[in-house]
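Structural overview
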Amino acid sequence: MDEGTFKALQIKDKGEIFGPNIPTYEETNISILSTSIPIDIKANWTQVDQKNEIQNMKKLSQFLQQANFPVLMKVRYYQDEMNERAKVFFITEKGEIIEK
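Reading guide: rules and limits
Residues numbered from 1 in each chain as written. Predicted model: local features only at pLDDT ≥ 70, side-chain atom pairs only at ≥ 80, totals over all residues. Heavy atoms only, no water. Core = buried A, V, L, I, M, F, W, Y, C linked by side-chain atoms within 4.5 Å. Buried < 20%, exposed > 50% of the residue type's maximum accessible area, 1.4 Å probe, protein only. Helix = DSSP H or I, 4+ residues; strand = E, 2+ residues; numbered from the N terminus. Pairing = 2+ DSSP bridges. Phe/Tyr/Trp six-rings, centres within 6.5 Å; stacked < 30°, edge-to-face > 60°. Lys, Arg positive; Asp, Glu negative; His and termini not counted. Salt bridge = Lys/Arg side-chain N within 4 Å of Asp/Glu carboxyl O. Contact = heavy atoms within 4.5 Å.

1. Here we look at the nonpolar core
It is characteristic of soluble globular proteins that their nonpolar side chains tend to be buried jointly. Of all hydrophobic cores here, the largest spans 10 residues; its members are I39, W45, M57, L64, V71, M73, V75, Y77, F89 and I91. Mapped by element, the contributors of at least two residues to this core are α3 (50-66), β2 (72-78) and β3 (87-91). When residues of this core are assigned to their parent elements, the largest contribution, 3 residues, is made by β2.

Written out as structure tokens, the structure reads:
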């Protein structure tokens, strides 16, 4: 990726749920953790090497599984911010790649 942005969002009141002893990812129910990471790629899906992009998503999925990092990834290909026809993929916490 040539350009990328990551945004950390504050999860309100999670400290009250976990208390002073924050559990590891393995100990936490993913529905409580509510973690997701968006990846926005400013490119038209029809004009990229789709096979290569799918391979990259598979590599990312495998890496997350090996690192035992259960996180929902949203990968979005778009040409402009308001493009409602963006191509979207989800990489689930279990490593599945779902095309939307």
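Here the narrative resumes.
2. Concerning the pairing of β3
Buried residues dominate β3, accounting for 4 of its 5 residues. Sheet topology places β2 next to β3; 5 bridges connect them, and they run antiparallel. Paired with R76 across the two strands is V88, which belongs to β3. Two successive antiparallel strands, β3 and strand β4 (residues 97-99), enclose a turn made up of 5 residues, where G95 displays a positive phi of approximately 95°.

3. Describing the packing of aromatic side chains
The full count for this structure, using the stated rule, is 3 aromatic pairs. When the ring of W45 is compared with that of F89, the centres are 5.0 Å apart and the planes differ by 55°; the resulting orientation is tilted. With a gap of 44 residues between them, W45 in the loop between β1 (36-42) and α3 and F89 in strand β3 connect regions that are remote in the sequence. One exposure class covers both W45 and F89, and it is buried. Among the aromatic residues, those joined into a ring-pair cluster are W45, Y77 and F89.

4. Considerations on the side chain of E53
Position of E53 among the secondary structure elements: in helix α3. Although E53 is buried, it forms no salt bridge, and the closest oppositely charged side chain is K59 at an N-O distance of 11 Å.

5. Observations regarding the pattern of salt bridges
Pairing between side chains becomes possible if they bear opposite charge and their charged atoms approach one another. Per the stated rule, a full pass over the model turns up 2 salt bridges. Taking the shortest distance from any N to any O, the salt bridge between R76 and D40 comes out at 3.1 Å. Taken as a pair, R76 in strand β2 and D40 in strand β1 lie far apart in primary sequence, 36 residues in all. Using a relative accessible area of 13% as the deciding quantity, one classes R76 as buried. Classification of D40 as partly exposed rests on a relative accessible area of 40%. We note a salt bridge from E99 to K87, for which the minimum N-O separation is 2.3 Å.

6. Details of the side chain of S61
Position of S61 relative to the elements: it lies in helix α3. Ignoring sequence-local partners within four residues, the contact set of S61 consists of I91 and G95.

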